[in-house]
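Listed here are the chains, written in short residue letters.
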Amino acid sequence: MNYKLQLMYDGTAYAGWQKQNNAITIQDQVEKALAVILRQPVSLVGVSRTDAGVHAADYTANFHAEGLFDAKKICRGVNALLPPDIRIMDAIPCSDNFNARFDAIKKTYVYRIDCSSYGNAFYRNFVWHHPIPLDVESMKHAAGYFLGLHDFSAFMAQGGSSKTFTREIMESHLTEQNNILEYHITGNGFLYNMVRIIAGTLVWVGRGKINPDDIPNILESKDRTHAGMTAPAKGLTLAKAYYNL
C-alpha cells in the first residue's frame with residue numbers, strides 16, 4: 001500500500017530533508033518513527049531536497065508499506081516519537097503509482113525578511129534579519145521579471161545536479177506587513193539554491209546594488225556572478241506542493 005504523507009517542520013536543527021551520513025535530517029527522523037509504528041522498514045520519497053536550515057509548512061512525501069493502517073493512528077503514533085519541530089499532519093492511502101517528487105506539478109516557496117532595526121525575537125529562526133533600509137517598490141518591480149519561462153542558470157549555485165535549467169514561474173511577488181517582507185514564488189521546478197539567490201538578488205535591488213530593470217539581462221547572461229548573494233537558508237519555507245490528484 002502506498003501512503004501520501006503531509007508534514008511540517010522547523011528545519012533549524014537539521015541538515016535538510018535528505019538522509020545523510022553523520023548528519024541528522026528530517027527524512028531520517030520520520031523514517032525511524034514510522035518504522036517503529038508500522039513495525040517494518042520505511043523508505044520515504046520527498047517532494048524536495050530542502051537545504052539545511054530550510055523549513056516546510058506543508059511538505060509532501062510518500063512511502064510503501066505492507067498492510068492498511070488508519071491515518072489518525074499513524075499520525076498520533078509517529079508524532080509521539082518525533083521531536084516537536086517535526087509534525088505529521090496526515091497519512092492517507094493513495095495510488096500505487098503516486099510519487100511525491102515526480103508527480104508534483106508546481107511548488108510554492110516563501111522567503112521572509114525582517115526589516116526591523118532590532119530583529120523580531122519570535123521570528124528569528126524563520127526570517128533573514130536585514131536592518132538596512134530597502135527600496136521595497138524597486139524590489140516589487142524586479143520580482144515581476146521572474147515571471148514566465150526562463151533559463152535560470154544565473155540563479156543556480158554550484159553543486160546542483162540539474163541537467164536542464166529552464167523553469168516556468170507562475171507567481172513572483174512581494175508583500176509587506178509589520179516590518180516583515182514576504183517574497184512568494186511558485187514554479188514548476190527550481191534549481192539548486194534558486195529561490196535563495198533570487199531573494200538575495202531582490203535585496204541587492206532594494207539596496208541599490210542592482211537596477212531592477214537589469215534582471216532580464218542577468219537572466220539572459222546565464223552567469224551566476226551577475227546575480228546577487230545567496231540569502232540565508234533560515235528565511236526560506238516550502239509552503240506547498242501541488243498535484244493533479
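Since we're looking at a predicted model, the values are computed, not measured.

Remarks on the packing of helix α1 (residues 26-38) against helix α2 (residues 71-81)
Describing two packed helices takes the angle between their axes plus the distance from one axis to the other.
Move 1: Across the interface, α1 lies against α2 with an axial gap of 9 Å and an inter-helix angle of 125°. Between α1 and α2, the angle is such that the two are oblique. Read as a crossing pair, α1 and α2 show a hand that is right-handed. Note on element contacts: α2 touches α1 through I74, G77, V78 and L81, opposite A33, L34, V36, I37 and L38.

Let's talk about unusual backbone geometry
Move 1: Positive phi values are uncommon outside glycine, yet R39 reaches one of about 60°.
Move 2: Relative to the assigned elements, R39 resides in the loop between α1 and β2 (45-46).
Move 3: Of the residues examined, R39 reaches a relative accessible area of 79% and is grouped as exposed.
Move 4: At N178, a residue that is not glycine, the phi angle is positive and equals roughly 50°.

Notes on helix α3 (residues 136-143)
Move 1: For α3, the complete set of buried residues consists of V136, S138, M139, A142 and A143. An end-on view of α3 places all buried positions within 155° of arc, on one side of the element.
Move 2: Looking at the packing, one finds that the buried side of α3 touches β8 (166-177), β9 (180-187), α4 (194-206) and α5 (215-221).
Move 3: N-cap assignment for α3: the residue whose side-chain oxygen lies 3.3 Å from the backbone N of E137 is D135.

Some points on the side chain of E31
Move 1: Structurally, the position occupied by E31 is in helix α1.
Move 2: A distance of 2.7 Å separates a polar side-chain atom of E31 from the backbone nitrogen of L44.
Move 3: Not counting the four nearest positions on each side in its chain, E31 is found in contact with K19, V42, S43 and L44.

Some details on the packing of α3 against α4
Move 1: Two elements in contact, α3 and α4, have axes separated by 8 Å at closest approach and are oriented at 135°. It follows from the interaxial angle that α3 and α4 lie oblique. The handedness of the crossing between α3 and α4 comes out as right-handed. Where α3 abuts α4, its residues S138, M139, A142 and A143 lie against L202, V203, V205 and G206.
Move 2: Of the residues assigned to the contact of α3 with α4, the class counts are 6 nonpolar, 2 polar and no charged.

Considerations on the pattern of salt bridges
Note that side chains of opposite charge can pair when their charged atoms are close.
Move 1: In total, this model carries 7 salt bridges according to the counting rule given.
Move 2: Put simply, R112 and E182 hold a salt bridge, and the shortest N to O gap is 2.9 Å. Of the two residues, R112 sits in strand β5 (residues 104-114) while E182 sits in strand β9, which places them 70 residues apart along the sequence.
Move 3: R112 sits in the partly exposed class, given a relative accessible area of 24%.
Move 4: Measuring nitrogen to oxygen at the nearest pair gives 3.8 Å for the salt bridge that ties K140 to E137. Pair noted here: K140 and E137 are both in helix α3, with a separation of 3 residues, about one helical turn.

Cut-offs and rules
Residues numbered from 1 in each chain as written. Predicted model: local features only at pLDDT ≥ 70, side-chain atom pairs only at ≥ 80, totals over all residues. Heavy atoms only, no water. Axes fitted to C-alpha atoms, helices over the stretch in contact; angles between N-to-C directions. Helix = DSSP H or I, 4+ residues; strand = E, 2+ residues; numbered from the N terminus. Parallel < 35°, antiparallel > 145°, perpendicular 65-115°, else oblique. Left-handed = near helix turned anticlockwise from the far one by under 90°. Contact = heavy atoms within 4.5 Å. Buried < 20%, exposed > 50% of the residue type's maximum accessible area, 1.4 Å probe, protein only. Arc of directions from axis to C-beta. Polar contact = N/O pair within 3.5 Å; in protein donor to acceptor, adjacent residues only side chain to side chain. Nonpolar A, V, L, I, M, F, W, Y, C, P; charged D, E, K, R; others polar. Salt bridge = Lys/Arg side-chain N within 4 Å of Asp/Glu carboxyl O.

So, to be careful, I would describe these as geometric facts and stop short of saying anything about function.
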